[in-house]
Amino acid sequence: MSFTQFIFDNPWIGVLLFIILSPFVGGIIFGLDRIVTARMQGRVGPPVLQPVYDILKLLEKEKMVVHESQNFWIFGYLVFIIITGALFFAGSDILLVIFALTLAHVFLILGAFSSGSPYAHIGAERELIQLMAVEPMIIIAAVGFYEVTKSFNTSDILAFSDPLILTLPGIFIGFVYILTVKLRKSPFDISTSHHAHQELVKGLNTEFAGSTLAMVELAHLYETVFLLGFLFLFFGMAAPIVGIIVIAIIYLIEIFVDNATARVKWGFMFKSCWIITAVAGVLNLMALYII
């Protein structure tokens, strides 16, 4: 029995691996992101595990919140991001995964709104716009997976005999486009940004500090691992090495775009996401029905 088949037969193994390893895997990805960014700017950059050190440092800080409900909403955000990834890596229904992901971001938005800060309020509104901009493409990707594999289960999609990118190239392009929004990278980092030089205040995260901000950052690590796992579905176990190489190249391109472009207005982000969804995603679906 191969390791892959063992994981398929024991979905809880995948869940445990995701919960335990994602903070470190996500931390390494973010750390490499910071190093590449620093080298592009002529700096050395921090240690590769600096994102993990930052979270541990935030957990040691004094607990300070504007409103007590903030902790509840942000804890809900972290829990549902973990549930999203757990369902995904357990091979569950991808529609259920998308529902959990959306619900997680609703918790994040409510957490920002509950602070009462005008800056966090604007950040929450922009996060809501981002959510509406990317959701159609994610749902179309799920429908595309079903049309080819005849299953909504991520385990069946992952084990499909052929790489799905061959039959879903338009949906793949559309998903890569909205991935910039989901990773909060420029030019679509309209609700918050990891770049200090682009922020007078931290938008959505303005009123989060200490352990509350640590939960937000930890959720980002989990979500990044989940999003890259979602992208891997386009290659699956039919072409795993190619999938890993392509995902690494796409992430490097994301870093380059992040550092080479200025933030756009929310209207452009929203329209461009829906246009890409309509052109690349819907046309790809129509082609599947026709051919």
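What you see is a predicted model; the values in this text were computed from it and never measured.

The biggest cluster of nonpolar side chains holds 73 residues, and the ones touching the most others in it are F145, F230, L231 and F234. The element that contributes the greatest number of residues to this core is helix α9 (residues 210-232), accounting for 14 residues.

Right, let's talk about the UniProt feature "transmembrane region" (unreviewed entry) in the protein chain for a bit. Here the UniProt-annotated "transmembrane region" (unreviewed entry) positions come out as residues 12-32, 71-90, 96-116, 128-146, 158-179, 225-253 and 268-290. Within residues 71-90, the helical portion is 95% and the strand portion 0%, while the C-alpha atoms at the span's ends are 28 Å from each other. Taken as a whole, residues 158-179 contains 55% helix and 0% strand, while its terminal C-alpha atoms sit 19 Å from one another.

Here α9 spans 34 Å end to end across 23 residues, near enough to the 33 Å set by a 1.5 Å rise per residue. A large share of α9 lies buried, amounting to 21 of its 23 residues.

Moving on, we come to the pattern of salt bridges. Summed over all chains, the structure comprises seven salt bridges. Members of the salt-bridge network, linked through shared partners, are D33, K185 and D258.

Bringing the packing of aromatic side chains into the picture now. Per the stated rule, a full pass over the model turns up 19 aromatic pairs. Here the aromatic cluster, defined as three or more aromatic residues joined through ring pairs, consists of F18, F88, F89, F145, F172, F175, Y222, F226, F230, F234 and F235.

With that settled, consider unusual backbone geometry. Looking along the chain, the bond that leaves S186 and enters P187 is cis, with omega of 10°. Mapped onto the fold, P187 is located in the loop between α8 (169-182) and α9. Its identity as a non-glycine residue notwithstanding, K150 has a phi of 65°, on the positive side. Tracing the backbone through its elements, the reader meets K150 in the loop between α6 (118-149) and α7 (154-158). The phi dihedral of R184 falls on the positive side, at around 60°, and the residue is not glycine. With respect to the secondary-structure elements, R184 resides in the loop between α8 and α9. The exposure class assigned to R184 is buried, which follows from its relative accessible area of 5%.

Let us look at the side chain of S22. Checked against the element boundaries, S22 lands in helix α2 (residues 11-40). S22 has contacts with L17, G27, L221, Y222 and V225, leaving out every residue within four places of it along the chain.

Moving on: the confidence of the model for the protein chain. The predicted model of the protein chain has a mean per-residue pLDDT of 90, with 94% of residues at 70 or higher. The lowest-confidence element of the protein chain is helix α1 (residues 3-9), averaging 65 in pLDDT; the highest-confidence one is α8, averaging 95.

Once that is clear, we can look at α8. An α-helical turn contains 3.6 residues, so any two residues separated by three or four positions project in the same direction. For α8, with 14 residues, the first-to-last C-alpha span of 20 Å sits near the 20 Å given by 1.5 Å per residue. By the criterion of burial, α8 is predominantly enclosed, with eleven of the 14 residues buried. Taken together, the buried positions of α8 are G170, I171, F172, G174, F175, V176, I178, L179, T180, V181 and K182. Of the surrounding elements, those touching the buried residues of α8 are α5 (94-113), α6, α9, α10 (240-260) and α11 (266-290).

Residues I275, V279, V282, L283, M286, Y289, I290 and I291 make up a contiguous nonpolar surface patch of about 890 Å² in total accessible area. Topologically, I290 is positioned in helix α11. Of the residues examined, I290 reaches a relative accessible area of 69% and is grouped as exposed.

Once that is clear, we can look at the packing of helix α4 (residues 69-89) against α5. Packing of α4 against α5 leaves a shortest axis separation of 8 Å and a crossing angle of 165°. Relative to α5, α4 is oriented roughly antiparallel. The interaxial crossing formed by α4 with α5 has left-handed handedness. Contacts between α4 and α5 involve Q70, F72, W73, I74, G76, Y77, F80, I81, I83, T84, L87 and F88 from the former and L96, V97, A100, L101, L103, A104, H105, F107, L108, L110 and G111 from the latter.

Where α5 contacts α6, the two axes come as close as 9 Å, and the packing angle between them is 175°. One finds that α5 runs roughly antiparallel with respect to α6. Contacts between α5 and α6 involve I94, L95, I98, L101, T102, H105, V106, L108, I109, A112 and F113 from the former and A120, H121, A124, E125, E127, L128, L131, E135, I138, I139, A142 and F145 from the latter. When grouped by side-chain class, the residues that make up the contact of α5 with α6 number 17 nonpolar, three polar and three charged.

Tracing the sequence through the fold places L183 in the loop between α8 and α9. Judged by its relative accessible area of 8%, L183 falls in the buried class. Taking the C-alpha atoms as reference points, L183 and T224, 41 residues apart in sequence, are found 7.0 Å from one another. If near-sequence neighbours (up to four positions away) are discounted, L183 is found in contact with T224, L227, Y251 and E254.

Rules behind the numbers
Residues numbered from 1 in each chain as written. Predicted model: local features only at pLDDT ≥ 70, side-chain atom pairs only at ≥ 80, totals over all residues. Heavy atoms only, no water. Core = buried A, V, L, I, M, F, W, Y, C linked by side-chain atoms within 4.5 Å. Buried < 20%, exposed > 50% of the residue type's maximum accessible area, 1.4 Å probe, protein only. Helix = DSSP H or I, 4+ residues; strand = E, 2+ residues; numbered from the N terminus. UniProt positions renumbered as here; feature names shortened; annotations may be inferred. Expected span 1.5 Å × (residues − 1). Salt bridge = Lys/Arg side-chain N within 4 Å of Asp/Glu carboxyl O. Phe/Tyr/Trp six-rings, centres within 6.5 Å; stacked < 30°, edge-to-face > 60°. Contact = heavy atoms within 4.5 Å. pLDDT = per-residue confidence, 0-100. Patch = residues over 30% accessible without salt bridge, like charges linked within 9 Å, V, L, I, M, F, W, Y side chains within 5 Å. Areas by Shrake-Rupley, 256 points an atom, 1.4 Å probe, with all protein chains shown as cover. Axes fitted to C-alpha atoms, helices over the stretch in contact; angles between N-to-C directions. Parallel < 35°, antiparallel > 145°, perpendicular 65-115°, else oblique. Left-handed = near helix turned anticlockwise from the far one by under 90°. Nonpolar A, V, L, I, M, F, W, Y, C, P; charged D, E, K, R; others polar.

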